[in-house]
Every structure is written in C-alpha cells, then in structure tokens.
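# Structural features, examined
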Amino acid sequence: MTFDFRIFSIMLAFVALAIAPAADAQNRLGNTELNVPATLVAEAQQVKAGQSVTLAFVMEPKPTWHGYWENPGDAGIGMSFDWSLPAGVTSGKAQFQVPDRLLISGIMNYIYKGDYAVLVTLSLSNELRPGPLPISVKSEWLSCTDEICVPEQDELSITLQVVGKDAPVLLDKRFDGFRAALPRPLGSEAKFSASDDRFRLSIPLPASVGMDQPYFFILEDGIIDYAAPQKFNRDGDRLILETDARGDGLDTISGILKIGNHDGFLITATKGEVAMTGLPLAGDGAKNEAGASLLFFALGGAILGGLLLNLMPCVFPILSLKAISLAKAGGNEAEVRRDALAYTAGVVLVATALGAVLLGLRASGAAVGWAFQLQDPRIIFVLLALVTAIGLNLAGLFELPNINFGNKLTKKDGAAGSFWTGALAAFVATPCTGPFMAAALGATIILPPIAALVIFAGLGVGLALPFLLIAFVPAIRSRLPKPGPWLDSFRKIMAIPMFLTSIGLIWLLGRQIGTDALGLSLIFLLTVSLILWWFGGGQMKGLSRGALTSAAMVAALSAGIIALPGEEAMNDQKLAQSSNATLPSEAFSESRLSELRAADQPVFAYFTADWCITCKANEAAAIQRSETAEAFKSAKVAVLMGDWTRPDPEISRFLEKHGRAGVPLYLYYAPGEKPVILPQILTVATLTELVAKPV
C-alpha cells in the first residue's frame, strides 16, 4: 500500500464522517457488521442517588483492524460521544487506556491494536428516585487497517436501576482489568519548552522506576512532529525528552508517558526552560548489560532470601516433615542425597509455577503480587484441611496408605515423599518475606518473563539449600542421629507445629471474613478429625475404609467452601479491625495521600496483609504500640494503611510503582520531602525517630 492511497483513504473517511448526520439511517450497521464493534457495559447495574457509576465502551476490533486514541496522531479520528441522559445525570470526561503506535510511510498513528475499553463516569444527583434509569449514547469512531479506513457509528443504550441507599450493589470485576490499562496520574508537574524547532519535556520520575521503550503521546495537536524520533535522557530523578517541534502556541500541555506494555503515566506540563541534561537511556547493548547485572543481583538476593526463609515461622512446620525424613535416613549417603535432590525439585518447581501464574495474571491485566493465592479464603480453607490432616497423621491417629490426598504425598517414603514435602513447603512459604526478598521479587516486575522465572526458581533453590548442604557435605551429614525408637516420639512432637499452623490459618480466616468463619472453621476441623478418627479405627480393626474416607473428605471440603461468607462480610470485617487499632489509620488511596501531602502533613503509609507473618510481627512490635501512637499523635502524623489481605488493584499498582511485588512496604513522607522507604523489620525506635529528628 502506498503513501498516497492511505492519505486518500483517510480523506474519504473524513468526508464520510462529515456527511454522516444526513445519511445516518443509511450508514448505520448492526453491531456484528462493524469492524470495531462497541459494547456499552456498566460497572454496576444498581446505582444510588448522589453517587457515580462508571460505564465502559468495550471495543473489540476484528483481526487486522484498529481504533484510535483521543489524539489520533497524524491521521485518523478520535472517538466522539453524544449522550442522551435523564435529568440529574451528567457524564464525565472519557478516560482512554495507554495506546500503541503505528508508523506507516512516515505517518504516525496513535492506535489500539487489540481489544480496549474507554471509560466514562456518570454522576447522579441526590434527587433521583428508585426505578429504571435509561442511558443512551450515539458514538462515532474511525476503524482502519493498514490499507483502508471506515467511519463507524452506533447507538448504544443500557438501563440501570436506581436503588435505595441500603441496597446491595454488585460490581463488574472486569473493570479492574480496564482500569489496570489506564495511565496513572504522575502527581508531579512536568515542564516543557518549544524553541528552535526543538521540543523538550522534563518529567519528574524517580530513577528507580524502570521502563521499556518509553514514548510520550501528546494530547494537544500542533506542538510536536508525531513521526519524529523521541530521544530520552536520565538526569537523576528526572526524565528528559527531546524531539522535533511543530509549534509553541500553548502554555500547558498534557499526554501519556508510556513506560511499558499497557503501562504509563498521565503527564501535565507547563511551559518553562528545559535543558537536555543527563545521560541518554541505554541502547540495546548497554540495556542488555544492565539487564544481566540486574538479573545477577536479583538472583543472588532471591537465593539468600530463600535461605533465610527457613528461619521464618510459616515454613518451620513443613520443615519438620523433612527433618523426620532425614532422621529416618540416619546419615545414609545415598538416601539423603536422593531425598535432598527430590525435595529441591519440589520446591523449585512449585516456586517457579507460582511465579509463572503470577506473571500470567499480570499479563492479563490483573493487579496481583507475590502470595496472591493466600488472598483467596478458599485456598486457605484447603490448606487448613491439608495441614490438619498431616498433624493428625504425625500424632499417630491414623496412617494413610490408601487416601489420595496431599498429606499422603508428603508422607510417602523415598524421593516421591521428599518431592511433595518440598512442593508443600514452597506453597506455604509464600506469605513469608524477609531481608533481600523484596528487592529480588520486585525485579521480576521489570525483567523479561524468562528472567523473572529464573528469580522465582532461585528463591526455591535458596529454600532448599540447607538440605542440599546436609546431603552433599559429609561433615554435616555425619552429625545426623541414627534411626531408633526415639523416632516415634520425635514424629509425635513434630505434630505440634502442624496444629499451631492450623490455628494460625483459622485466625487468618477469621481476620478475612469475621467470626462466622471462626465457627465454620472449628466445625470443619471437628468434621475432618472425626472422619480421620473413624478411618484410623478401621485400620486398627483391619478394615478398608479408604474410598469412603476420601469421599467424606471431599464432601466436607466442598461444603465448607460453599458455606464461606462472601465479599460483603470481608469488607465489614476490614472496617471493624481498623476502628479498634492502637494506632488508628485511614484506608490508603493515592488521592488521599496527595491531599495530605498538599496540606504539608507528615504521612506514614504502610502496606500489610493478614497472611504476611513479617507484617503482623512489625505491627505487634512497632506499629500498634502506644509509644508509636503517642509520638505520631504529637507530631500530627497521618497514618494510611493499605490492606492487601484481599486483592486490591490500586494497592497492587502502588506497590509495583515502588518496585515491590508484595508486602510489607513502609513509607514515611515528611512535609515537602521525598518519601523514605523504611526497612522491612521495624522497631518502635525506627518509627518514633522519624518524628523526633529531621529526615
């Protein structure tokens, strides 16, 4: 396709749109006949007077077709909206996701190559009465391939239902994915200059923020040459762009700084002096070298962090199984080495698999982080059954030769048992974090997927390292005690940490979904114990009850999961917890943080989760202490808490912005100063000294 033909196609498209109103009835196509069909969906079908609701135009281009950003670039047309709204309803500005580029024959297009969504928020007045609320909109857009363009339009409608203030509202979870692709407000204003045919933009952006092939999509037309190359320099905490200018007629501009796939910042800039200082962003060769250094550093941190995980209380119960296995081996070189390698394989495989699932969810637009699986009460419930069964087995209530269940796997003799023990240890270890892990897991956000998986595998190697040392260092292996009658007593003692883990999981469920969950968990534990007690009694009489026991366990587990309280109970529980704290806090939001900082008020922001052992230890030892509360109250420190026990896209994005893949994260904002990232292990002195002396 030649340059001239494309220009001709676009001109035809403009002409067609210009005459579209007169030929409306003739030009409209059915939704399925459009090349970029649109569907109008609401985040909630039920709405309340005085509140707002977000609508999404879900655009699904057919293969080879694309739509356009609000500034289409050198060619194309942005999307338009003609609303028909009931009295008392007003529409806000459309929010567009981070776009892509398409350069054809020197013409730059700002487009969307795949499915995308345009969000619009409707504000509802307090005067609305309960009942149907019909919404309709006539929208026009341009659909193109690399060769032709077609103007398209559709009349979309949706009927919402105004409900009373106490009525439940169900949210469409797809909107979390839509918002994940929206650019985030940068928060700090940039500067730009346009003189001598050169356009420069200075953006305040911490040097720690990683980026891949940055590009600035400007919203205003006539300021820059869209097709000209954009050159970026790094100067400390500033990113400076230089490209060809077209004009300088504006004092303020805006746009999107794209830093990765579906990832970018909203930029607002005022005119000023901008010099092209700093160093150019690394080219491919230097970037590869920097990437290799980062991978090496992160891998070392992951192995060291995994090694230290063995000292954390959440892993200890599972390690007791491995200790029993080593004691049985009694220093036999072949058996110990075989078991250690199988255990390592289980740990590394599960750690890598969890990392792969995490990367896959992120790629699909979900905002999740490390230990994401423990944000789901159903997973905790299954883990509770598994740990309880293992504890009862270690206590000698029964043996498990015939039940196809997870704890049977961990109790198998030989390499298979060691492999499943390692797999379980890796799964349970994810709520724990410690020194060196935060930076290592944070690097997985910006590294390529294969390199990120290497980091997750390194974490598993570190976790298995003590057993590898026992197996392959004769001086350590020779100190292992010989098997004997003491093993039976040792096995029963090892049941205690398993039962403590069960208590911890019940507490975690209670924190997530309230006291109802506590009662449900106790009933469930009683049911599991009775089933296994009945099974053990059959073994003593020589009866085979394996199939019935398996069926009863599956039925008990399914019933327990179905009976778990829902989302509303979890939200109520979260509110109840925050109101009873020694150090009161507000729920974290970036808008609230910006308000407090604009008012020059010091802010302590911490991010936690109930399944995070390190978080809970810090809260008990340093945060929820009267000394800390009094010091913060005297210094008028505002406290914001980001509770990540359940998935929260806003918190996930904020953590990612600070290079973290999980919690905890502690930040202190002194008035007018840059935020200070505090260590992961806190003391009362660490916090009180923040307000006792200048940062």
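Scroll up for the structure.
In what follows, the accompanying structure is described.

About the thresholds
Residues numbered from 1 in each chain as written. Predicted model: local features only at pLDDT ≥ 70, side-chain atom pairs only at ≥ 80, totals over all residues. Heavy atoms only, no water. Pairing = 2+ DSSP bridges. Helix = DSSP H or I, 4+ residues; strand = E, 2+ residues; numbered from the N terminus. Axes fitted to C-alpha atoms, helices over the stretch in contact; angles between N-to-C directions. Buried < 20%, exposed > 50% of the residue type's maximum accessible area, 1.4 Å probe, protein only. Polar contact = N/O pair within 3.5 Å; in protein donor to acceptor, adjacent residues only side chain to side chain. Contact = heavy atoms within 4.5 Å. Arc of directions from axis to C-beta. Salt bridge = Lys/Arg side-chain N within 4 Å of Asp/Glu carboxyl O. Disulfide = S-S within 2.5 Å. Patch = residues over 30% accessible without salt bridge, like charges linked within 9 Å, V, L, I, M, F, W, Y side chains within 5 Å. Areas by Shrake-Rupley, 256 points an atom, 1.4 Å probe, with all protein chains shown as cover. Expected span 1.5 Å × (residues − 1).

### With respect to the sheet that holds strand β5 (residues 80-84)
Pairing is mixed in the open sheet, where 4 strands are placed in the order β2-β12-β11-β5. Here the strands that pair on one side only, and so sit at the sheet edges, are β2 (46-48) and β5. Strand after strand, the sheet turns through a mean of 35 degrees between neighbouring axes, direction not considered.

### Points about the side chain of T388
Within the secondary structure, T388 is located in helix α7 (residues 377-394). Classification of T388 by relative accessible area gives buried; the value is 5%. Here the side chain of T388 touches S502 through a polar contact of 3.1 Å, side chain to side chain. Once residues within four sequence positions are removed from consideration, T388 is found in contact with F499, S502, L525 and V528.

### Remarks on helix α20 (residues 626-634)
Buried within α20 we find T628, A629, A631 and F632. Around the axis of α20, the buried residues are gathered within 165 degrees of arc, so they sit on the same side. Of the residues in α20, the exposed ones pointing more than 90 degrees away from the buried face are E630, K633 and S634. Phi turns positive, to about 55 degrees, at K636, one or two residues after α20.

### Notes on the pattern of salt bridges
With the rule as written, the count across this model stands at 14 salt bridges. Across the salt bridge formed by E242 and R200, the nearest N and O atoms sit 2.7 Å from each other. Remark: R200 occurs in strand β15 (residues 198-204) and E242 occurs in strand β18 (residues 238-244); sequence separation between them is 42 residues. Residue class for R200 comes out partly exposed when judged on its relative accessible area of 25%. Across the pair D339 and R338 runs a salt bridge, and its minimum N-O distance is 3.1 Å. According to the relative accessible area criterion, D339 is buried, its value standing at 5%.

### Focus on the state of the cysteines
Here, disulfide denotes a covalent bond that connects the sulfur atoms of two cysteines. Tallied over the entire structure, the rule returns 1 disulfide. Sulfur-sulfur distance for the disulfide between C144 and C149 comes to 2.1 Å. On the S-S bond that ties C144 to C149, the torsion sits near 115 degrees, and the link is right-handed. Of the two residues examined, C144 and C149, each falls in the buried class.

### Comments concerning a nonpolar patch on the surface
On the surface, L397, L526, L530, W533, W534 and L548 cluster together into a nonpolar patch covering about 630 Å² of accessible area. The greatest single-element share of the nonpolar patch, amounting to 4 residues, is contributed by helix α15 (residues 515-540). Inspection of the secondary structure assignment puts L530 in helix α15. According to the relative accessible area criterion, L530 is partly exposed, its value standing at 47%.

### Looking at α7
Side chains that are three or four residues apart share a direction in an α-helix, a result of its 3.6 residues per turn. With 18 residues, α7 extends 26 Å between its outermost C-alpha atoms, agreeing within 8% with the 26 Å of an ideal straight helix rising 1.5 Å per residue. Among the 18 residues of α7, 15 are classified as buried, and the element is accordingly described as predominantly covered. Looking one or two residues beyond α7, the residue adopting positive phi is G396, at roughly 90 degrees.

### Some thoughts on unusual backbone geometry
Backbone geometry at D600 places phi at a positive 60 degrees, although glycine is not the residue there. Within the element layout of this structure, D600 appears in the loop between α18 (590-598) and β23 (603-608). The residue K636 is not glycine, and still its phi comes out positive at about 55 degrees. Secondary-structure assignment places K636 in the loop between α20 and β24 (638-643).

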